[in-house]
Amino acid sequence: MKKLTHQLLVILLGLGLMAGTAYADDTPVFTGETEGVAIEGYDVVSYFTEGRPAKGSPRYSHEWHGVEWHFASEEHLTMFRKNPERYAPAYGGHCAYGVYVGKKLAASPYFWTIHEGRLYLNLNEEVQESWRGDLAANVETANDNWPDNLE
């Protein structure tokens with residue numbers, strides 16, 4: 001049975017259909033205290049271009065998946081519009097470790113990891129350390145949990 005499960009996982013990975021790797025139309029996006037604005041208004045492109053979170057501005061905004069995304073510059077807005085799934089955080093921006101343990105938890109824009117080209121957010125520093133402990137295995141389990149196996 002374990003071998004069959006592993007084979008199915010390999011097939012799904014090969015097809016690019018693993019949950020959590022793409023935003024389905026119904027992906028719930030975390031907004032935090034800024035209801036209606038994704039990732040508390042932080043510019044998700046900045047994690048990739050500047051290696052840090054940067055506060056976005058409503059001046060450079062784009063609606064995607066039912067929420068508004070803010071960016072620090074016109075350039076970042078354009079980059080996101082061209083390929084939002086490349087920059088949007090995994091699991092709708094919910095805490096990646098939370099998804100790993102089967103819960104949909106809040107995340108902070110200050111505790112983040114980029115792994116294999118994906119942005120993962122965490123709740124706090126302690127949770128982030130646990131998430132990074134065995135990152136590849138944690139991502140695999142979180143992908144299996146997202147979004148259907150969460151409390």
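Remember, predicted model here, so these are calculated numbers, not experimental data.

J.: Looking at this model, I keep getting lost on the packing of aromatic side chains. Mind explaining?
T.: What characterises a pair of aromatic rings is the spacing of the ring centres plus the angle enclosed by the ring planes. Counted under the stated rule, the structure contains eleven aromatic pairs. Each ring, one from Tyr 47 and one from Trp 112, has its centre 5.1 Å from the other, and the planes form 70°; the classification is edge-to-face. Within this pair, whereas Tyr 47 is found in helix H2 (residues 44–49), its partner Trp 112 is found in strand E5 (residues 108–115), the two being separated by 65 residues in sequence. Across the pair, exposure class does not vary: Tyr 47 and Trp 112 are buried alike. Every member of this aromatic cluster is reached through a ring pair, and the members are Trp 64, Trp 69, Phe 71 and Phe 80.

J.: Explain the pattern of salt bridges to me, please; I cannot follow it from the model alone.
T.: This structure, assessed with the given rule, holds two salt bridges. Close ionic contact of Lys 103 with Glu 151 constitutes a salt bridge, the shortest N to O distance being 2.6 Å. Here Lys 103, found in the loop between helix H5 (96–100) and E5, pairs with Glu 151, found in the segment after helix H7 (135–145); they are 48 residues apart in sequence, far enough to count as distant.

J.: Can you walk me through the pairing of E5 in this structure?
T.: Look at any regular strand and the pattern is simple: side chains alternate between the two faces of the sheet. In this sheet, strand E6 (residues 118–122) lies alongside E5 in antiparallel orientation, the contact comprising five bridges. Bridged to His 115 within E6 is Arg 118. Counting the residues that bridge the hairpin from E5 to E6 gives two residues, and of these Glu 116 lies at a positive phi of roughly 50°.

J.: Whenever I open this one, the packing of helix H6 (residues 125–133) against H7 confuses me. Can you help?
T.: Two measures define how a pair of helices packs: the angle their axes make with one another and the distance between the axes. At a closest axis distance of 5 Å, the pairing of H6 and H7 adopts a crossing angle of 95°. By the angle between their axes, H6 is roughly perpendicular relative to H7. When H6 is examined against H7, the residues Ser 130, Trp 131, Arg 132 and Gly 133 are found in contact with a partner set consisting of Leu 135, Asn 138, Val 139 and Ala 142. Across the contact of H6 with H7, the residue classes break down as four nonpolar, three polar and one charged.

J.: Looking at this structure, how should I read the nonpolar core?
T.: By size, the foremost hydrophobic cluster in this structure holds 22 residues, and its most contacted members are Ile 39, Val 44, Trp 69, Phe 71, Phe 80 and Leu 121. Within the residue set of this core, elements represented by two or more residues are H2, strand E3 (57–64), strand E4 (67–71), helix H3 (74–82) and E6. Within the second largest apolar cluster, eleven residues are counted, among which are Trp 131, Leu 135, Ala 142 and Trp 146.

J.: Quick question: what am I supposed to make of H6 here?
T.: Owing to its 3.6 residues per turn, the α-helix brings residues three or four apart onto one side. Every buried residue of H6 is accounted for by Val 127, Gln 128 and Trp 131. The arc that holds the buried residues of H6, viewed along the axis, is 100°, so those residues lie on one side. Seen from the open side of H6, the exposed residues pointing more than 90 degrees away from its buried face are Glu 126, Glu 129 and Gly 133. Buried-residue contacts for H6 involve H5, E5, E6 and H7. The backbone nitrogen of Glu 126 lies 3.2 Å from a side-chain oxygen of the residue at the head of H6, namely Asn 124.

The rules behind the values
Residue numbering note: each chain is counted from 1, following its sequence as written. Restriction of local features to residues with pLDDT of at least 70 applies here, the model being predicted, together with a cutoff of 80 or more for giving and counting side-chain atom pairs; totals for whole chains, interfaces and linings are based on all residues. To get the side-chain values, take all heavy atoms of the structure and skip hydrogens and water. Paired rings are identified among Phe, Tyr and Trp, the last through its six-membered ring, by centres lying within 6.5 Å, and are further divided according to the angle between planes into stacked (under 30 degrees), edge-to-face (over 60) and tilted (the rest). To qualify as a helix, a DSSP run of H or I must reach at least 4 residues; to qualify as a strand, a run of E must reach at least 2; elements of each kind are numbered from the N terminus. Three exposure classes are used, based on accessible area relative to the maximum for each residue type with a 1.4 Å probe and protein chains only: buried under 20%, partly exposed in between, and exposed over 50%. Salt bridges are identified by distance alone: a Lys or Arg side-chain nitrogen within 4 Å of an Asp or Glu carboxyl oxygen. At least two bridges found by DSSP between two strands is the condition for calling them paired. Lines fitted to C-alpha atoms define the axes here, with helix axes fitted over just the stretch in contact, and angles between the N-to-C directions of these axes take values from 0 to 180 degrees. By definition in this entry, angles of less than 35 degrees are roughly parallel, angles greater than 145 are roughly antiparallel, angles of 65 to 115 are roughly perpendicular, and the rest are oblique. The contact criterion used throughout is that any non-hydrogen atoms of two residues lie within 4.5 Å. Here the term charged refers only to Asp, Glu, Lys and Arg, the term nonpolar to Ala, Val, Leu, Ile, Met, Phe, Trp, Tyr, Cys and Pro, and the term polar to all other amino acids, Gly among them. Nonpolar cores are built from buried Ala, Val, Leu, Ile, Met, Phe, Trp, Tyr and Cys residues. Side-chain atoms within 4.5 Å join them into one set. The arc refers to the directions leading from the helix axis to the C-beta atoms. Within 3.5 Å is the distance limit for a polar contact, defined as a pair of N or O atoms, with the added protein rule that one can donate a hydrogen and the other accept it, and that residues adjacent in sequence qualify only through two side-chain atoms.

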